[in-house]
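Here is how the chains run, residue by residue.
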Amino acid sequence: METLMVDRVQSSLRLFMYRNALFLCERLCAEFPSELNLQLLATCYLRNNQAYCAYHILKGSKMPQSRYLFAISCFQMNLLREAETALCPANEPNAEVPNGAAGHYLLGLIYRYTGRRTCAVDHFMQALAIDPLLWAAYEELCILGAAEEASECFNDAAAFRVQQQQLSESSSQNLTIGTECQSLPSSMALGSGDTSPRHSKQLHANNTRETLSHPHGTVMVAGHPPIGGPSNISQYYTPPAVTQLSGVAPPPLCRNAQLYLNAIGGDGYTKSNVNAVIQAPRRKFVDEGKLRKVSGRLFSDSGTRRSTRLSGEAAANTNSNASQLGGNGANHFSAKSLGGLSSSSSKTNSAVLRSVTLRRGQSWANENFDEDNTVTTSSMSALADGKCLEQDKMGCGISAHDSRLASGIREFLGLLRTLGEGYRLSCLYRSQEALEVYLRLSQHQFNTGWVLSQVGKAHFELVDYFEADRFFDLARRVSPYTLEGMDIYSTVLYHLEEEMKLSYLAQELISVDRLSPQAWCAMGNCYSLQKDHETAVKNFQRAVHVDSRFAYAHTLCGHEYVALEDFENGIKCYQSALQVDERHYNAWYGLGVVYLRQEKFEFAEHHFRKAFHINPCSSVLMCYLGMALHSLKRDEEALEIMEKAISADKKNPLPMYQKANILSSLERFDEALKELEQLKEYAPRESSVYALMGKIYKRLNVHEKAMFYFGIALDLKPPAADVATIKSAMEKLYLPDELEDTL
């Protein structure tokens, strides 16, 4: 009854029938109270977004899987200290983190959000070392600015680990297969050279330990990448979302183990054995069609450990006249595809690959006996000899299958190398290099919502808003339900002043998912563009309430407070953003702007420099850093950084204007006017450019030109505050001592 109820609960979870799963699982726990069943109940609650229920159910539990599920519930409830304690108990400093890669990933997130960057990086790297395909861990390392080059992370060694993971997964799926050897008499079940009882006992102990540690299932953290990692079945095995817990038998042993032992212990079979196999009368007990369907899966032991143990046991039986037998299903992986294995270890591995188990329901005992279930000793001998050739053919199929597996792993890791390197460069704000990497993708990979959004972000960082708009629009067409990067897209439309498109985008995102922070950020940008800053603040605050770990929502809210000249709340918002992501340069920039406007120039310079260190390619950040340095009377440093800003983005008029302003303050009027003349070509309708030219001509006592440029500045309809300043300067044109330096 318990097994049936567990199966029905897991079936309901697979079919997303969470209410049904909860009801059945509560009945299960009432009838059969155990911590394993409580784990399943907690999983049901987590899937149903009821983390608080899972929290109370599992509080105080000691089993590794219980601690992992409890940590997830704490993480979702933002109880990060309790989550950390669950994964790393204080009274057990050497306790293993549960669920391997997934546990280390979750612990890395906890350390990241509690401001311990070094520990977070360490655990993300451990997670990636255990499971090289855990993209979420590499993504977090990129966000923290600590990721290695993708070629170092997704290399041949990673390919070997992935292959081991796949083989472990295949063997773990076969743990529930019944052992046909147990259905035969002990004298007939194994060949004369079969493995020892000690070997069988070790296999049984390993499988029992793995079964006890097998979890009911894993869950997904809301708003974050999936947190589902390996149990203790294998170091590299990540179980599926829901896995049935049941008693399992050890994997079946190969009958003709002696031939395989000889192959492992020496370089090949003996000639006498080969001739005996070839000359023996062959009885076709299993047709070739069925043989081709036999699964080529390995035992749960890893290749190196198992082959070493077997070769030690087979050493005494190895014929001294053994000669190498070519072909016969040998595995021909290259050293590169197996992470740099030596030739000897490749031979060992290929021999191990020929030890296979059968799929569920396939039994040699059932396939090979006659209908009357009577088998003579001679027919069993012929069966054993005939099996050698059959398994040799099977070995060829296994070799081809594993070759395809290795090729697929290499292709997949090659794709991750390209995507990972592009994302790493993007997180380092080397946007032009990131674009070049993304362009190396195939057409069907490039034309996906995620990649197109990343390309749009890169153009946004390059202040190429038109191209950013184009790629984000393509992303919306390809994947209209994806919200990745839509907060950035709304900011792009804000800068382009595309009011209609921004309004339409906001409404679309709200209709897709009104509980997403991206949707409310788009809505807030829409109101901000309409100068309704109070309503914009409310929308950004809603984005923060939906996901308090969404750093950009905090920053946009801070921008609106600054627009309302509420600097105190603006500073709080920027600081909240930095608590979520200390590399969020927009928040450092926002703080610098606040302190610059408050004339706290030392603080402004510090925060602009922090932002500049994170994003050293931004022309805007360089320009503001130069402005802070100029305010501190460090004009030579300011001019140097302005030159870098101009070189970084020749289309950005702001550093050119600030350079002219600095030159003017240094009374280098000719250089300043030359800079402004060039600037007029980039910003022909910018009133402040003409106002500064008028100011310079006034100081040169060229009153006619000064009046001329002041007039042009007024014609371009500057802001009201600038209008008053320009008119005051025109009225005092002939009173140089009374003209204040307010332009």
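Residues numbered from 1 in each chain as written. Predicted model: local features only at pLDDT ≥ 70, side-chain atom pairs only at ≥ 80, totals over all residues. Heavy atoms only, no water.

**Quick word on the overall build of the chain**
- Regarding its fold elements, the chain presents 39 helices and 2 strands.
- Counting every position in the chain, which comprises 743 residues, the buried fraction comes to 52%.
- Within the chain, contacts between residues at least 6 apart in sequence are counted, and of these 61% link residues at least 24 apart.
- With the model as given, the accessible surface of the chain reaches about 35000 Å², and the carbon-plus-sulfur share is 51%. (Helix = DSSP H or I, 4+ residues; strand = E, 2+ residues; numbered from the N terminus. Buried < 20%, exposed > 50% of the residue type's maximum accessible area, 1.4 Å probe, protein only. Contact = heavy atoms within 4.5 Å. Areas by Shrake-Rupley, 256 points an atom, 1.4 Å probe, with all protein chains shown as cover.)

**Quick word on unusual backbone geometry**
- The phi torsion at Asn99 lies on the positive side, around 65 degrees, for a residue other than glycine.
- Locating Asn99 in the fold gives a position in the loop between helix 6 (80-87) and helix 7 (100-113).
- Its relative accessible area of 5% is what places Asn99 among the buried residues.
- Of note in the backbone geometry, Tyr429 takes a positive phi value of approximately 60 degrees without being a glycine.
- As for its placement among the helices and strands, Tyr429 is situated in the loop between helix 20 (377-427) and helix 21 (431-438).
- Residue classification places Tyr429 among the buried positions, given a relative accessible area of 14%.

**What about the packing of helix 25 (residues 486-496) against helix 26 (residues 499-512)?**
- Taken N-terminus to C-terminus, the directions of helix 25 and helix 26 make an angle of 160 degrees; their axes are 9 Å apart at the nearest point. One element, helix 25, and the other, helix 26, form an angle in the roughly antiparallel class. The chirality of how helix 25 crosses helix 26 is left-handed. Here helix 25 contributes Met486, Tyr489, Ser490, Leu493 and Tyr494 to the contact with helix 26, which in turn contributes Lys501, Leu502, Leu505 and Leu509. (Axes fitted to C-alpha atoms, helices over the stretch in contact; angles between N-to-C directions. Parallel < 35°, antiparallel > 145°, perpendicular 65-115°, else oblique. Left-handed = near helix turned anticlockwise from the far one by under 90°.)

**Let's talk about the UniProt feature "repeat: TPR" (unreviewed entry) in the chain**
- The feature "repeat: TPR" (unreviewed entry), as given by UniProt, occupies residues 101-134, 517-550, 551-584, 585-618, 619-652 and 687-720 in the numbering adopted here.
- Across residues 517-550, helical content stands at 79% and strand content at 0%; the span's end C-alpha atoms are separated by 7 Å.
- Measuring from the first to the last C-alpha atom of residues 551-584 gives 7 Å, for a span that is 79% helix and 0% strand. (UniProt positions renumbered as here; feature names shortened; annotations may be inferred.)

**A word on the pattern of salt bridges**
- In the structure shown here, the tally under the stated rule is 21 salt bridges.
- The partner of Asp7 in a salt bridge is Arg8, and the shortest N-O contact between them spans 2.7 Å.
- Taking relative accessible area as the criterion, Arg8 reaches 41% and is therefore assigned partly exposed.
- The partner of Glu565 in a salt bridge is Arg597, with the nearest N and O atoms 3.6 Å apart. Here Glu565 is found in the loop between helix 29 (551-563) and helix 30 (567-580), whereas its partner Arg597 is found in helix 31 (residues 585-597), with 32 residues between them in sequence.
- With a relative accessible area of 54%, Glu565 lands in the exposed category.
- In the salt-bridge network here, residues are joined through shared partners; they are Arg81, Glu84 and Arg116. (Salt bridge = Lys/Arg side-chain N within 4 Å of Asp/Glu carboxyl O.)

**Quick look at the packing of aromatic side chains**
- Summed over all chains, the structure comprises 20 aromatic pairs.
- Consider the rings of Tyr690 and Tyr709, whose centres lie 6.3 Å apart with planes at 20 degrees: the pair is stacked. In this pair, Tyr690 sits in helix 37 (residues 687-699) while Tyr709 sits in helix 38 (residues 703-715), placing the two residues 19 residues apart along the sequence.
- Assessed through its relative accessible area of 9%, Tyr690 is described here as buried.
- Here a set of aromatic residues connected by ring pairs shows up, and it is made of Trp135, Tyr138, Phe154, Tyr423 and Trp450. (Phe/Tyr/Trp six-rings, centres within 6.5 Å; stacked < 30°, edge-to-face > 60°.)

**Looking at the packing of helix 4 (residues 51-58) against helix 5 (residues 64-76)**
- At a minimum axis distance of 8 Å, the contact between helix 4 and helix 5 shows a crossing angle of 140 degrees. On the basis of their axis angle, the class for helix 4 and helix 5 is oblique. Of the two elements, helix 4 crosses helix 5, and the hand of that crossing is left-handed. Residue-level inspection shows Ala51, Ala54, Tyr55 and Leu58 of helix 4 in contact with helix 5, the latter providing Ser66, Leu69, Phe70, Ser73, Cys74 and Gln76.
- Split by residue class, the contact of helix 4 with helix 5 holds 7 nonpolar, 3 polar and no charged. (Nonpolar A, V, L, I, M, F, W, Y, C, P; charged D, E, K, R; others polar.)

**Here we look at helix 29**
- In this model, helix 29 (13 residues) spans 19 Å end to end at C-alpha, consistent with the 18 Å of a helix rising 1.5 Å per residue.
- With 11 of 13 residues buried, helix 29 lies mostly within the body of the structure.
- Of the positions making up helix 29, those classed as buried are Ala551, Tyr552, Ala553, His554, Thr555, Leu556, Cys557, Gly558, Glu560, Tyr561 and Val562.
- Against helix 25, helix 27 (517-529), helix 28 (533-546), helix 30 and helix 31 lie the buried residues of helix 29.
- Positive backbone phi, at 60 degrees, marks Glu565, one or two positions downstream of helix 29. (Expected span 1.5 Å × (residues − 1).)

**Observations concerning the side chain of Thr418**
- In this fold, Thr418 is placed in helix 20.
- Residue Thr418 is classed as buried on the basis of its relative accessible area, which comes to 16%.
- For Thr418, the contacting residues outside a window of four places in its chain are Val437 and Leu441.

**Description of the confidence of the model for the chain**
- Model confidence for the chain is summarised by a mean pLDDT of 75, while 68% of its residues fall at 70 or above.
- Scored below 50 in pLDDT, residues 176-384 shows 340 contacts in the model against residues more than four places distant or in partner chains.
- Across residues 737-743, confidence stays below pLDDT 50; counting only partners more than four residues off in sequence or on other chains, it has 11 contacts. (pLDDT = per-residue confidence, 0-100.)

**Points about the environment of Leu87**
- In this structure, Leu87 sits in helix 6.
- Look at Leu87 and you get buried, because its relative accessible area is 0%.
- Along the backbone, Leu87 and Ile72 are 15 residues apart, and their C-alpha atoms lie at a distance of 9.7 Å.
- Excluding anything up to four places from it in sequence, Leu87 contacts Arg67, Tyr68, Ala71, Val97, Pro98, Gly103, Leu106, Leu107 and Ile110.

**Focus: the state of the cysteines**
- Scanning the model with the defined rule gives 0 disulfides in all.
- Free of any disulfide, Cys44 has its nearest neighbouring cysteine sulfur in Cys25, separated by 4.3 Å.
- A relative accessible area of 0% means that Cys44 is categorised as buried. (Disulfide = S-S within 2.5 Å.)

**Here we look at the environment of Cys29**
- Residue position: Cys29 is located in helix 2 (residues 18-31).
- The class for Cys29 is buried, based on a relative accessible area of 12%.
- When the C-alpha atoms of Cys29 and Met5 are compared, they prove to be 9.9 Å apart, with 24 residues separating the residues in sequence.
- Those residues in contact with Cys29, other than ones at most four positions away along the chain, are Asn37, Leu38 and Leu41.

**A short note on helix 27**
- Between its first and last C-alpha, helix 27 extends 18 Å over 13 residues, near the 18 Å set by a 1.5 Å rise per residue.
- Judged by how many residues are buried, helix 27 sits mostly within the fold: 12 of 13 residues are covered.
- Of all the residues in helix 27, the buried ones are Pro517, Gln518, Ala519, Trp520, Cys521, Ala522, Met523, Gly524, Asn525, Cys526, Ser528 and Leu529.
- Buried residues along helix 27 sit in contact with helix 25, helix 26, helix 28 and helix 29.
- Positioned one or two residues after helix 27, Lys531 has a phi angle of 65 degrees, which is positive.

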